[in-house]
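If you want the building blocks of each chain, they are given just below.
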Amino acid sequence: QANGSPFQRLLPVPCKEATQETVCLAHSVDYYRRMSELPNISDRDLKRLNALDDDLYYCRDTFLAASLAVGGCVACVDAVTAPDTKTNCGIAVVRPPGHHAEKSHSMGFCFFNNVAIAAKHAIATGRANRVFILDWDIHHGNGIQNLTYDDPDIFYLSIHRGPGGIGCEEADGGGTKDKKKKKKPRHRVEDPQSYFYPGTGRFDETGSNEGVGSNLNISWGRQGMGNVEYAAAFAEVVLPVMQDFSPDLILVACGLDAAAGDLLGDCGLTPEMYYIMTSSLMQTTGHTVPIVAILEGGYQLDVISDCMEAVALAFMDEPWEGSKITERDIERSLSRYWHHQLMETKSNARAAAAQTSSQSASAAALFHAVSTIKQAAKALAFSKSPLGAYNCIQSPNGFVCLHCTGNCKKRRLNLMDSDQYPMKKQILVRSSANRKHDSGC
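Our subject in this report is the structure included herewith. (Residues numbered from 1 in each chain as written. Predicted model: local features only at pLDDT ≥ 70, side-chain atom pairs only at ≥ 80, totals over all residues. Heavy atoms only, no water.)

## A word on the overall build of the chain
Defined as follows: A run of H or I in DSSP becomes a helix once it reaches four residues, and a run of E becomes a strand once it reaches two; helices and strands are each numbered from the N terminus. Throughout, exposure labels follow a simple rule: accessible area from a 1.4 Å probe, protein chains only, divided by the maximum for the residue type, with under 20% read as buried, over 50% as exposed, and the rest as partly exposed. Should any heavy atoms of two residues lie within 4.5 Å, those residues are considered in contact. Accessible surface is estimated by sampling points in the Shrake-Rupley manner with a 1.4 Å probe; for residues, cover comes only from the protein chains shown.
For the chain, the count of helices and strands is 13 helices and six strands. Looking at the chain as a whole, 54% of its 441 residues are labelled buried. Partitioning the contacts of the chain with sequence separation of at least 6, the portion at a separation of at least 24 is 74%. Summing over all exposed atoms, the chain offers an accessible surface of approximately 20200 Å²; the carbon and sulfur share of this is 51%.

Next comes the structure, spelled out in structure tokens:
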């Protein structure tokens, strides 16, 4: 980087292989043993192993690479949670990824589950008591979910494409023009064509045993989801749930395949939106909770680099230079439609920020983060879509309207109030037996 680049502020973290004890926090001893034998595998057995699955690629260095990936993630967690840390933000740029890896087998380019191991390591070593995992890879992290499903101290939230998710009825033209004919709830529609790897992550998978209420899936049932859909998910679900869980460590399973231009994701997030989503996480927690972004999927190198740069700049509180959108541009774009609401939002934000109690400060942080992400997403949508003909700034797909004046003719989707989440009470209001402390809801 050139002189004066903000990336000169990055602090390198030494990386070494993870030990068997660390890896086996999430994986079985037998699986670790089988992986450790790869360096000595014969050519014939290696060829046979690679023929078993077309989304797994083994070589004699696979065990070393996977062990280093886990070691790097654990080192980042240790670095941001150390008492003498210089920063509470870290990025683990590791390969292979991990969020599909199960307890006893590899899956989907993944061998060891980097994020799940890092979360369990943080709790086992006393570096954290409550870990919030946000997985925004476009593929559901089945491995992370299964490895943390009964753990009340680890909250796993995934935003991904999957069968039966939001919008799947429209994906195959399953809707009807007959307004008198009652449509079935979209979460009950099972379109085989809506299958998206790995086919897991339904909305009603909310945890088991003591971990009931510590798992939440936001599933898109079709391609094309972009900035506004993700802004709605963050504003209405992700940020409020994260604040309620009150984590002392945040791990982002930072897959970048929901970005526009990815070869597999077929969605439309921009680098600006990755910047905004990352910033909103830190705004909600008041920049006080350690956070580590761990690289997961992504299948277009230039897209990955642009989006990870945006995440890094947000961590460093640097402006995203790839965006020419300013706060003044946002206000100018919105003023013709929402001048009154925009002024009211500013007034409410100032009033909330003026409160002195810790509870009010927490609410003000959440309010500010939600307001920011909504306004920024509207500006991004306005700048990239011919939406001036509508009375509201909404998704080009018509699935989400972040603010409606009452004249909007397209459907408004409130993620948390829709039938998509009938178990929201169980998710958000956990029983006292399952909660370590009362953080409010």
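Having put the structure on the table, let's press on.
## Here's the deal with the side chain of His 99
Note on placement: His 99 falls in the loop between β1 (89-92) and α5 (114-124). For His 99, a relative accessible area of 2% translates into the label buried. The contact partners of His 99, leaving out residues within four places of it in the chain, are Cys 110, Asn 113, Asp 135, Asp 137, His 139, His 140, Gly 141, Asn 142, Gly 143, Ile 144 and Glu 296.

## Thoughts on the sheet that holds strand β4 (residues 215-220)
The test is simple: For two strands to count as paired, DSSP must find a minimum of two bridges between them. Convention adopted: a line fitted to C-alpha atoms gives each axis, helices being fitted over their contacting stretch, and angles between N-to-C directions are expressed from 0 to 180 degrees.
In space, the six strands of this open sheet follow the order β1-β6-β5-β2-β3-β4, with parallel pairing throughout. Here the strands that pair on one side only, and so sit at the sheet edges, are β1 and β4. Strand-to-strand, the axes of this sheet are offset by a mean angle of 20 degrees, without reference to chain direction. In the sheet, strand β2 (residues 131-135) pairs with strand β5 (residues 249-254) via five bridges, with the strands oriented parallel. Looking at β5, one finds that Phe 132 is bridged to Ile 250.

## Structural notes on helix α10 (residues 301-315)
Put simply, the test is: Given the number of residues in a helix, its expected span is that number minus one, multiplied by 1.5 Å.
The terminal C-alpha atoms of α10 lie 21 Å apart, and with 15 residues this matches the ideal 21 Å at 1.5 Å per residue to within 8%. Among all positions in α10, only Val 303, Ile 304, Cys 307, Met 308, Ala 310, Val 311, Ala 312, Leu 313, Ala 314 and Phe 315 are buried. Residues of α10 that are buried make contact with β1, β5, α9 (271-284) and β6 (291-295).

## Regarding the nonpolar core
This is how it is decided: In these notes, a set of buried Ala, Val, Leu, Ile, Met, Phe, Trp, Tyr and Cys residues joined through side-chain atoms within 4.5 Å is what counts as a nonpolar core.
Ranked by size, the top nonpolar core spans 59 residues in total, and within it Trp 136, Leu 157, Ile 159, Tyr 274 and Leu 281 carry the most contacts. Looking at this core, the element that brings in the most residues is helix α8 (residues 227-245), giving 11 residues. Not counting chain neighbours up to four residues away, the residues in contact with Leu 157 comprise Phe 132, Ile 133, Leu 134, Asp 135, Leu 216, Ile 218, Val 238 and Val 241. Listed in part, the 22 residues of the second largest apolar core include Val 115, Ala 122, Ala 128 and Val 131.

## So, the side chain of Glu 205
We apply this condition: Only four residue types enter the charge count, namely Lys and Arg as positive and Asp and Glu as negative; His and the chain termini do not. Whenever Lys or Arg places a side-chain nitrogen within 4 Å of a carboxyl oxygen from Asp or Glu, that contact is recorded as a salt bridge. What qualifies as a polar contact is a pair of N or O atoms within 3.5 Å, subject to a donor-acceptor requirement within protein and to the restriction that residues adjacent in sequence count only when both atoms come from side chains.
When you line up the elements, Glu 205 lands in the loop between α7 (168-171) and β4. Buried and unpaired, Glu 205 has Arg 202 as its nearest opposite-charge partner, separated by 5.5 Å. At 2.8 Å, the side chain of Glu 205 forms a polar contact with the side chain of Gln 145. When sequence neighbours within four positions are dropped, the list of residues in contact with Glu 205 reads Gln 145, Tyr 149, Asn 215, Leu 216 and Asn 217.

## Some points on the packing of aromatic side chains
Applied cut-off: Two rings belonging to Phe, Tyr or Trp (six-membered ring only in the last case) form a pair when the distance between their centres is within 6.5 Å. Interplanar angles under 30 degrees mark stacking, angles over 60 mark edge-to-face geometry, and anything in between is tilted. A positively charged side chain is recorded as over a ring if its NZ (Lys) or CZ (Arg) lies within 6 Å of the ring centre. The angle to the ring normal must also be within 35 degrees.
Taken as a whole, this structure holds 13 aromatic pairs when the rule is applied. Between Tyr 32 and Phe 112, the ring centres sit 6.2 Å apart and the planes meet at 15 degrees, which makes this aromatic pair stacked. With Tyr 32 in helix α2 (residues 29-36) and Phe 112 in the loop between β1 and α5, this residue pair connects regions lying 80 residues apart in the sequence. For the pair shown, Tyr 32 and Phe 112 are each scored as buried. Aromatic pair Tyr 57 and Phe 109: ring centres 6.2 Å apart, planes at 15 degrees, arrangement stacked. With a gap of 52 residues between them, Tyr 57 in the loop between α3 (43-50) and α4 (62-81) and Phe 109 in the loop between β1 and α5 connect regions that are remote in the sequence. By relative accessible area, which is 56% here, Tyr 57 ends up exposed. Through a chain of ring-to-ring contacts, the aromatic side chains of Tyr 31, Tyr 32, Phe 63 and Phe 112 assemble into a single cluster. Stacked on the ring of Phe 245, the Lys or Arg Arg 130 has its end atom at 4.1 Å from the ring centre.

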